[in-house]
Amino acid sequence: MKLSSTGIQTLECVLKRHPGIRNNVTSDCFQIRRIEPKNDACNDKLQNGHVKMKTIALSVDPYMRCMLDPDHPQLGEYLSPMELSQPLSGGGVGLVTESKHEHFPTGTIAVVPFQGYPWKTRTVLDANDRALNLRPVTFDQRPTLDLGVLGMPGVTSYFCMLSAGNPKKNDTVIVSGAAGACGSLAGQLAKRKGAHVIGICGTDEKCNVLTSYLNYDQAINYKSTTFHQDLIEAVPNGVDVYMDNVGGEISDLILPLMNPNGRVPICGQISNYNKDIKYMEMVSEEGVSDPQTRKLLKENNVDRKRFLVLDYENEWEEAMVELSQMVMNGEIVIPETIDTNTFDPGQAFVDMMNGGNIGKASYVHPDFVGEWDQERMLIRENKSDADIKRIWRW
């Protein structure tokens, strides 16, 4: 990649205001600022062990929602709130433009897979900081994969479905949020075990993607007026595994359909992320709103519990090797929704929270998109003008 950082002014996306716990996140919660050259660490002499990076991609993920309010009840044991007037941070991929670290020479494409990559167009990172877990990307040609299938969403899907869900041949498996970063992979993993897999999502387009490309047996639009009836008809033999990514009313309808000894790993509760309720309350037994359903789950020995990917941390490397092999062999399909507009990761986050993504959602700097495989690129929006905002890439 032949891109120069000389004479470029750094942009950053900062948290302008807290959205409020019960409110949807809107684009005016964020602000794009230019960093004055005299205050920009990218213009300073590089310290030993550090690298200067030009940002390729920034990950936007649902877990970040609770970090936007300092008193949000869903801030967990490993998340801290974002600060006002400071750049947000998360997973990110960048091109090393200057280095004082032997393992990351200039030209390396490296990833911070979870937290700590600032929402800036250029940045300086301490490559020795273990909390960042900076490492070279797996495939230079598709660096965003390390934010998705080969990153935290990938190992989350892998262990949530295969270990906590443990689908068997001919089991009936339901995945809610099935067109998202985790759901789009989890269903494919369940199919590889011989299960009958049903996806729940919010548009007919997403339903078509699930069944046409992602190997789902069926897909149901929860916004349909016949959703409940469609759901009942889809599972005449009940449900053995339910990977719960959304909670709320969708889960209220699925849980009574669980078979004896069924498994319900709770991966996320995105429908409740704008509510003043603690996460552990959602995933507790009392988090099931209907007393009759609670009684039924208990009588049928249904294992409904919180899934935490950190419980499997010692097994991540092995899982990522297996997922990498699946990608290389074309055994799984990886959809991604990327925003390549002018630098605005905050808007990409808002779009993701509003269900505007299929697969993993990221902001990608437009300088880098032209070097990717054009044959695998599908423009989904803004078809008429040059300002392409969203691209769906396989």
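The shown structure was predicted, so the numbers you read here are calculated from the model rather than taken from an experiment. (Residues numbered from 1 in each chain as written. Predicted model: local features only at pLDDT ≥ 70, side-chain atom pairs only at ≥ 80, totals over all residues. Heavy atoms only, no water.)

Engineer: How would you summarise the pattern of salt bridges if you had to cite specific residues and measurements?
Structural biologist: If charged atoms from side chains of opposite charge come close, those side chains can pair. Tallied over the entire structure, the rule returns 13 salt bridges. One salt bridge connects Asp 61 with Lys 360, and the closest N-O pair in it is separated by 3.2 Å. Residue Asp 61 is located in the loop between β3 (50–59) and β4 (89–99), and its partner Lys 360 is located in strand β15 (residues 360–364); the two are separated by 299 residues in the primary sequence. (Salt bridge = Lys/Arg side-chain N within 4 Å of Asp/Glu carboxyl O. Helix = DSSP H or I, 4+ residues; strand = E, 2+ residues; numbered from the N terminus.)

Engineer: Break down the packing of helix α1 (residues 152–165) against helix α8 (residues 316–328) for me, with residues and values.
Structural biologist: Following both chains from N to C, one finds α1 and α8 inclined at 95°, their axes separated by 10 Å at the closest point. The angle between α1 and α8 falls in the class roughly perpendicular. Of α8, the residues touching α1 (which contributes Met 152, Gly 154, Val 155, Tyr 158 and Phe 159) are Trp 316, Ala 319, Met 320, Glu 322 and Leu 323. Its residues assigned to classes, the contact of α1 with α8 shows 8 nonpolar, 1 polar and 1 charged. (Axes fitted to C-alpha atoms, helices over the stretch in contact; angles between N-to-C directions. Parallel < 35°, antiparallel > 145°, perpendicular 65-115°, else oblique. Contact = heavy atoms within 4.5 Å. Nonpolar A, V, L, I, M, F, W, Y, C, P; charged D, E, K, R; others polar.)

Engineer: With reference to specific residues and values, describe the packing of aromatic side chains.
Structural biologist: Inspection of every chain in the model, using the stated rule, returns 7 aromatic pairs. Aromatic pair Phe 30 and Phe 349: ring centres 6.2 Å apart, planes at 70°, arrangement edge-to-face. Of this pair, Phe 30 sits in strand β2 (residues 30–34) while Phe 349 is found in helix α9 (residues 345–353), placing the two residues 319 residues apart along the sequence. In this structure, Phe 30 and Phe 349 share a single accessibility class: buried. (Phe/Tyr/Trp six-rings, centres within 6.5 Å; stacked < 30°, edge-to-face > 60°. Buried < 20%, exposed > 50% of the residue type's maximum accessible area, 1.4 Å probe, protein only.)

Engineer: Can you explain the pairing of strand β8 (residues 172–176)? Please cite residues and give values.
Structural biologist: For β8, a buried count of 5 out of 5 residues is recorded, marking the element as mostly surrounded by other parts of the structure. Every second residue of β8 is oriented toward a common face, with Thr 172, Ile 174 and Ser 176 on one face and Val 173 and Val 175 on the other, all of them buried. The pairing of β8 with strand β9 (residues 196–201) spans 5 bridges and is parallel. Across the sheet, Val 173 pairs through a bridge with Val 197, a residue of β9. (Pairing = 2+ DSSP bridges.)

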